[in-house]
Amino acid sequence: MIAHLRGRVLRKSPQEVIVDVAGVGYRVAIPVSTFYRLREDALALFGFLTAHEQDLFERLIQVAGVGPKLAVNILSGIEAAELAAALRGSDIARLTRVPGVGKKTAERLVVELKDKMPPVAAPEAEEEALSEATPKEDLLSALAHLGYSRGEAERGVDRALRENGAGRFEDLLRRALQIVSGGAR
């Protein structure tokens, strides 16, 4: 994940900007509101493991009231395939279990996206992309999203994996959080 870019804006449009950083052009998706207030140092990048996740993100941010931060939160709270299925099936109850998504937002998501959901991704393509990520990388990413520094996250994750390397992701994350927050026993 790229946390910061400093470069020259080569091109901007209401949906994206191209930022040149040492000869590499980064395409950054932006909402229209950002386009009108764009400063070169106020950009955010969003990265995705699969094209399916990126497609869902782009569809989510087109829904009124859903910005990039909420879209990332939604994709963090529910797997991409499960999100698409919940939207296709109008599963308001499942959508409201995602932190930050209330009933009205869930209903708006269903109304606006139900018929726009991409076909179900080929399971082998998703599995191939997911198999490249290790539990350690997943845990480090989760802690980084929660605001922990790389050093803190590595310390907590390494210790949690030493204690129970074969554990479930949720248990390992809980333990790593206890360690980095000072509640380790």
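Further up the page is the structure itself.
Residue indices follow the written sequence of each chain, beginning from 1 at its first position. Where totals are concerned, whole chains, interfaces and linings use all residues; where local detail is concerned, this predicted model gives features only for residues with pLDDT of at least 70, and gives and counts side-chain atom pairs only at 80 or more. Side-chain metrics in this entry use all non-hydrogen atoms of the structure; hydrogen atoms and water are not considered.

A. Geometry of helix α2 (residues 51-60). A simple rule labels every residue: compare its accessible area, found with a 1.4 Å probe on the protein chains alone, to the largest value its type can have, and call it buried under 20%, exposed over 50%, or partly exposed in between. We count a stretch as a helix when DSSP gives it H or I for four or more residues in a row; a strand needs E for two or more, and each element gets its number in order from the N terminus. Within the sequence span of α2, burial applies to His-52, Glu-53, Leu-56, Phe-57 and Leu-60. Projected onto a plane normal to the axis of α2, the buried residues spread over an arc of 140 degrees and lie on a single side. It is the directions from the helix axis to the C-beta atoms whose arc is reported.

B. Local environment of the sheet that holds strand β3 (residues 24-29). One bridge is not enough; two strands pair if DSSP finds at least two bridges between them. One open sheet holds the three strands; their spatial order is β1-β2-β3, and the pairing between them is antiparallel. The open sheet has two edge strands, β1 (8-12) and β3, and neither has a second partner. For this sheet the average axis-to-axis angle between neighbouring strands, irrespective of direction, equals 30 degrees. Lines fitted to the C-alpha atoms define the axes, with helices restricted to the stretch that makes contact. Angles between their N-to-C directions range from 0 to 180 degrees.

C. Main features of the pairing of β3. Bridge count for strand β2 (residues 16-21) against β3 is six bridges, and the pairing is antiparallel. Directly across from Val-17, in β3, lies its bridge partner Val-28. Count of turn residues in the β2/β3 antiparallel hairpin: two residues, of which Ala-22 carries a positive phi of about 50 degrees.

D. Quick peek at the pairing of β2. As paired strands, β1 and β2 are joined by four bridges and run antiparallel to one another. By the bridge assignment for β2, Arg-8 is matched with Asp-20. Counted between consecutive antiparallel strands, the loop separating β1 from β2 contains three residues.

E. Main features of the environment of Ala-144. As for its position among the elements, Ala-144 is in helix α8 (residues 135-145). In this structure, the C-alpha to C-alpha distance between Ala-144 and Glu-154, residues 10 residues apart in sequence, is 9.9 Å.

F. Representation of helix α6 (residues 103-113). Those residues of α6 that sit buried are Thr-105, Ala-106, Leu-109, Val-110 and Leu-113. Viewed along the axis of α6, the buried residues span an arc of 135 degrees, placing them on a single side of the element. Facing away from the buried surface of α6 by more than 90 degrees, the exposed residues are Lys-103, Lys-104 and Val-111. In the core, the buried residues of α6 are packed alongside α2, α3 (68-77), α4 (80-88) and α5 (92-96). Residues are treated as being in contact if the distance between any of their heavy atoms lies within 4.5 Å.

G. The arrangement of the pattern of salt bridges in detail. A side-chain nitrogen of Lys or Arg and a carboxyl oxygen of Asp or Glu constitute a salt bridge if their distance falls within 4 Å. Summed over all chains, the structure comprises 10 salt bridges. Arg-174 is the partner of Asp-171 in a salt bridge, and the nearest nitrogen-oxygen pair spans 3.1 Å. Taken together, the residues span about one helical turn, with Asp-171 and Arg-174 both in helix α10 (residues 169-180) at a distance of three residues. The structure contains a network of salt bridges with shared partners spanning Arg-159, Glu-163 and Arg-175.

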